[in-house]
Amino acid sequence: MARLLAPSFTGYQRSRIRPDVVAGLAVWAVLVPESLAYATIAGVPPVVGLYAAVPALALYAIAGTSRQLVVSPMSATAALSAGIVASVAGSDGDPVALTAALALATGIVAILAGLLRLGFLAAFISEPVLKGFIIGLALTIMIGQVPDLIGVEGGSGSFFEKTWALLGQLGDVDALTLTVGLASLAALVLVRRTMPLLPGSLVVVLLAIGATVLLGLGDRGLAVVGHIDAGLPSAGVPDVSGPQFVELLGAAVGLMLVGFAEGLGAAKTYAAREGYDVDPNRELVGLGLSNLGSGFLSGMVVNGSLSKTAVNAGAGARSQVSALTAAALTVLTLLFLTGIFEQLPLATLAAVVVAAVVELVDVRSLRRLWRVRTGRIAHLYQVTARADFMAAGAALLGVLVFDTLPGLVIGIAVSLVLLLARTSRPRVTTLAPVGDEPGRPWVDARRNPGYPTVPHVLAVRVEGPLMFANAEYVRSRIRDLAAGTDGLRLVVLDGRATPSVDVTAAAMLAQLREDLRRDGADLALAEGIGQVRDVLARSGEEGEPPLFTTLDDAVRPDAGRG
């Protein structure tokens, strides 16, 4: 049962208890103020973030395979949750109940995906798409917090609509709120830079609460969090209608993918550092159970947190004992400490959110993606050459213009379209041998002009699978290269860079051989891997080219080619 339940405790030693408990204290110090802040992003009372954190931490510890991952409310999924709930709620829906129901729906989807072993689905959100999505989301979150930071009403709609509304309200800025907000933001930055080992968010939150109470800032018009219900949440199924829950289930798929991709990335990062493996399918089940628990306890959607996982690992955590410690401390917070946070200024809470998400605006990564261009396609196709940058940009602009979930869908769609574009135009390279020894290597003749090609022979390599989407392009490209080769007698296709071939491509090769024969040349294949050989042998195409073990065998003048 050790592997079925609580796998992170396998081989656990008592000597690890103390550093794990200390790490749990560090996680709690960061988790409490950030959970309160992220609940406001989701459009629900701050205490909902604490309701969600307790079951998320405890249930992931039972089912998850990462020893350091911290599962809790996060900014990206909180923002997605707010958008989804707003679209489902309409004018009379209960945001708190719908938020909890969305957590339930996300949990159901994640558990089903894990049981069906669909962990590979995270691969459909590529790193560039996720990067652009997160940057767009961070900008949207920050612009949504500015009204509380400066004391204006703000606006609704897309990022640009909110920005325009803010610009029109700059004359109504409240001086006290602005002072507290900017002071909180400056204090957060100062603590992080000068005392990185301190839980900056908790320190600034407590200082702001103390200043508010001592100076009576609440009586002077400074907006504060207000009453927070003490005690544990009531357990039960959220009060939503059947049609509403069905609508939430559909939206939960995209929400689950975002949360899973972010959490799995954090889990894999620290598993690699510690020398163990994580199981994506078990991670889906752990994510699902965490969200189910959160939904039943009036919480919100949760997922793996990279920032809090970094705090956890940096503090010395070696198992989920740290998460259980943080969960226990959060329960004590709910029972005895909620009254402290009632005097927390909303401007400080907004500053905590802005400071937490501003690091996600990773402009350096966008520059890196812009610089990356792929080989020959960079010269021929200036648009698709920067495919990763385009996918990131599409996701970013999609979030800013159309909202969170549509932005993610746009990013994934653009990424897939560009992938198809690149797949349909694989690089076809002319090869030249190095030396004249047996087993000699063959290299790209264009990149290595010092090595001459074999006279009257065109050796080529298709860098990618041969399939229906690129068969005609490859045929045309090889014919163009053949037309430029003097006295051509043979074209040899090196199969080492071609991992697969379908029936359409097999028929194309037979047709290409016929084309070349009409011009007095022939076609042969060499170095083919087993799968390619099997498909060609079973396709039954008449006149299919002969297969040779090596390129040298194929280019020998006495090689039998039928």
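So, here's what we can say about the structure. (Residues numbered from 1 in each chain as written. Predicted model: local features only at pLDDT ≥ 70, side-chain atom pairs only at ≥ 80, totals over all residues. Heavy atoms only, no water.)

### Some points on the sheet that holds strand E6 (residues 490–494)
Taken together, the six strands give an open sheet; going across it, the order is E4-E3-E5-E6-E7-E8, and neighbouring strands pair in mixed fashion. Edge positions in the open sheet fall to strand E4 (442–444) and strand E8 (547–548), since each of these has one partner strand only. Two strands pair when backbone bridges link them, and strand E3 (residues 427–433) and E4 are joined in this way by three bridges, in the antiparallel orientation. The partner of Leu431 across the bridge, within E4, is Asp444. (Pairing = 2+ DSSP bridges. Helix = DSSP H or I, 4+ residues; strand = E, 2+ residues; numbered from the N terminus.)

### A few points about a nonpolar patch on the surface
Residues Phe160, Leu397, Val401 and Phe402 make up a contiguous nonpolar surface patch of roughly 400 Å² in combined accessible area. For the nonpolar patch, the element with the most residues is helix H17 (residues 387–402), which contributes three residues. Assignment of secondary structure puts Leu397 in helix H17. (Patch = residues over 30% accessible without salt bridge, like charges linked within 9 Å, V, L, I, M, F, W, Y side chains within 5 Å. Areas by Shrake-Rupley, 256 points an atom, 1.4 Å probe, with all protein chains shown as cover. Salt bridge = Lys/Arg side-chain N within 4 Å of Asp/Glu carboxyl O.)

### Observations concerning helix H10 (residues 280–296)
Side chains of residues three or four places apart in an α-helix project in the same direction, reflecting 3.6 residues per turn. Taking 1.5 Å as the rise per residue, H10 with 17 residues should run 24 Å; its terminal C-alpha atoms sit 24 Å apart, in good agreement. With respect to burial, H10 is a largely interior element, 14 of its 17 residues being buried. The residue sitting at the N-terminus of H10 and contributing the capping side-chain oxygen is Asp279; that oxygen lies 3.0 Å from the backbone nitrogen of Asn281. Following H10 by one or two positions, Ser298 adopts a phi angle in the positive range, close to 60°. (Expected span 1.5 Å × (residues − 1). Buried < 20%, exposed > 50% of the residue type's maximum accessible area, 1.4 Å probe, protein only. Polar contact = N/O pair within 3.5 Å; in protein donor to acceptor, adjacent residues only side chain to side chain.)

### Focus on the pairing of strand E7 (residues 522–526)
With five of its five residues buried, E7 lies for the most part within the structure. A two-sided burial pattern is seen for E7, the buried positions comprising Asp522, Ala524 and Ala526 on one face and Leu523 and Leu525 on the other. Bridge analysis of E6 against E7 gives five bridges, and the strand direction is parallel. When the sheet's bridge partners are listed, Leu493 is paired in E7 with Leu525. Handedness of the E6-helix H20 (residues 503–518)-E7 crossover: right-handed. Alignment of E7 against E8, held across two bridges, turns out to be parallel. (Right-handed = clockwise from strand over helix to strand, strands pointing away.)

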